[in-house]
Amino acid sequence: MSKRLSTEAVAQYRRDGFHFPVRVLSAAEARSYRDRLEAAERAAGGPLAGDRRHKVHLLYTWANELARHPAILDAVEDVIGPDILCWSTTFFTKEAHSPSFVSWHQDATYWGLSTDDVITAWVAFADAPVASGAMKFWPGSHLRNQLEHRDTFDQNNLLTRGQEIAVDVPDGAGVDVTLKAGEMSLHHVLLVHGSGPNTTDDRRIGFAIRYIPPHVRQLKVRDSAMLVRGRDAHGNFDMEPEPRADLDPAALAAHRDATERSVKALYSGTDRKQFRA
C-alpha cells in the first residue's frame with residue numbers, strides 16, 4: 001500500500017518521468033522555511049552562492065529537517081522503496097526580473113551514479129507560476145536513456161556547467177510545472193527538463209532534494225550521503241552527520257568534505273571550471 005501517492009500517481013511517474021503537484025507543506029510552513037532561508041542569506045550578505053547552494057542540509061538544521069520531512073519521504077518511498085539516502089540538496093533561486101535560466105538537460109549526465117534509481121523532490125518555497133521561470137518537463141524523455149550533452153558555462157545558466165542536451169525538444173512538448181508555495185514536484189534523474197527566466201516581482205525559490213536507495217553506487221569517487229529513512233545494508237556511501245546547529249564547526253567541516261567529493265565527481269575526466277552554480 002502506498003503511503004502518499006495514489007497508484008495512478010506512481011504509474012504516471014513511471015510513464016512520464018514526473019508527478020506534480022504534491023502538497024507537503026502548508027503555505028504558512030513554506031513561508032517559515034523561506035524566512036529561515038532569507039535570514040541565512042542576510043547573515044551571509046547575499047543569496048546563497050557557490051558551494052553554499054549545494055548540500056545545504058549539512059549546513060542548516062532547517063534544511064536538514066526539510067530533507068527528512070515525513071510528507072516528502074512518504075512520497076519518495078512510494079517510488080524508490082523504504083530505504084532512502086539523501087544524496088544532495090540544492091537551491092535553485094531566480095531573483096525577481098532575473099535572466100537566470102536552466103537549459104534543457106538530464107540530471108544524471110555528470111553525476112557518476114551507477115543506476116537511474118534517483119528521484120528529485122523539488123519543493124517550492126514561493127509560488128512558481130509560468131512567468132516566474134517555472135520548470136518544464138519533457139514527458140517520457142526519461143525512457144530515452146542518456147542523451148548527449150554539451151557544456152556551455154553560460155553565466156546566466158543556474159547549472160554548474162551550463163549543460164544542455166544536444167537534441168532539439170519538439171515545440172510544445174514541454175509541460176509547465178506550476179507550483180504553489182509548499183507544493184513539490186517529483187522527477188526522474190533522466191527526465192529532460194529546464195526553465196526560463198523570472199519575469200515576476202517575486203523570487204522563485206526551489207529546494208531540490210535528491211534521494212537514492214542504498215544500492216546505488218558512485219562510480220567516480222568515494223562519495224557521501226545521509227540516511228534519512230530505513231537502513232543502509234550496502235555501505236556504498238560514507239554517512240553524513242546531521243548539523244547540530246546552523247553553520248557550527250562540525251557542520252562546516254562535513255559540508256566542506258562532502259562538496260569536495262561532489263566537485264571531484266562532477267569534474268572527473270574534464271577540465272574543472274569554477275564551481276559557481
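Okay, the side chain of R210 next. Along the chain, the position of R210 falls in strand β11 (residues 204-212). Owing to a relative accessible area of 6%, R210 belongs among the buried residues under this scheme. At 3.2 Å, the side chain of R210 forms a polar contact with the side chain of D107. Every residue in contact with R210, bar those within four places of it in the chain, is listed here: L85, C86, W87, S88, F92, D107, W111, I119, T120 and H187.

Bringing the sheet that holds strand β10 (residues 193-195) into the picture now. The strand order across the open sheet formed by four strands is β3-β10-β5-β8, and the pairing between neighbours is antiparallel. Looking at strand neighbours, the two that pair on one side only are β3 (102-105) and β8 (175-177), the edges of this open sheet. Across the sheet, the axes of successive neighbouring strands diverge by a mean angle of 25°, strand direction being ignored. As paired elements, strand β5 (residues 135-137) and β10 share three bridges and run antiparallel to each other. Counterpart to F137 in the pairing with β10 is H193.

This next bit is on the pairing of strand β9 (residues 183-188). The buried count for β9 comes to six of six residues, which makes it a mostly enclosed element. Looking at chain direction, strand β1 (residues 18-23) and β9 are connected through four bridges and run antiparallel. Of the residues in β9, the one forming a bridge with V22 is M184.

What follows deals with the nonpolar core. Counting residues in hydrophobic clusters, the biggest one holds 42 residues, and the most contacted among them are I72, F125 and Y211. With seven residues, helix α4 (residues 70-80) is the single largest residue contributor to this core. Core analysis: the second largest hydrophobic core is formed by 12 residues, F18, F20, F92 and A208 among them.

Calculation criteria
Residues numbered from 1 in each chain as written. Predicted model: local features only at pLDDT ≥ 70, side-chain atom pairs only at ≥ 80, totals over all residues. Heavy atoms only, no water. Helix = DSSP H or I, 4+ residues; strand = E, 2+ residues; numbered from the N terminus. Buried < 20%, exposed > 50% of the residue type's maximum accessible area, 1.4 Å probe, protein only. Polar contact = N/O pair within 3.5 Å; in protein donor to acceptor, adjacent residues only side chain to side chain. Contact = heavy atoms within 4.5 Å. Pairing = 2+ DSSP bridges. Axes fitted to C-alpha atoms, helices over the stretch in contact; angles between N-to-C directions. Core = buried A, V, L, I, M, F, W, Y, C linked by side-chain atoms within 4.5 Å.

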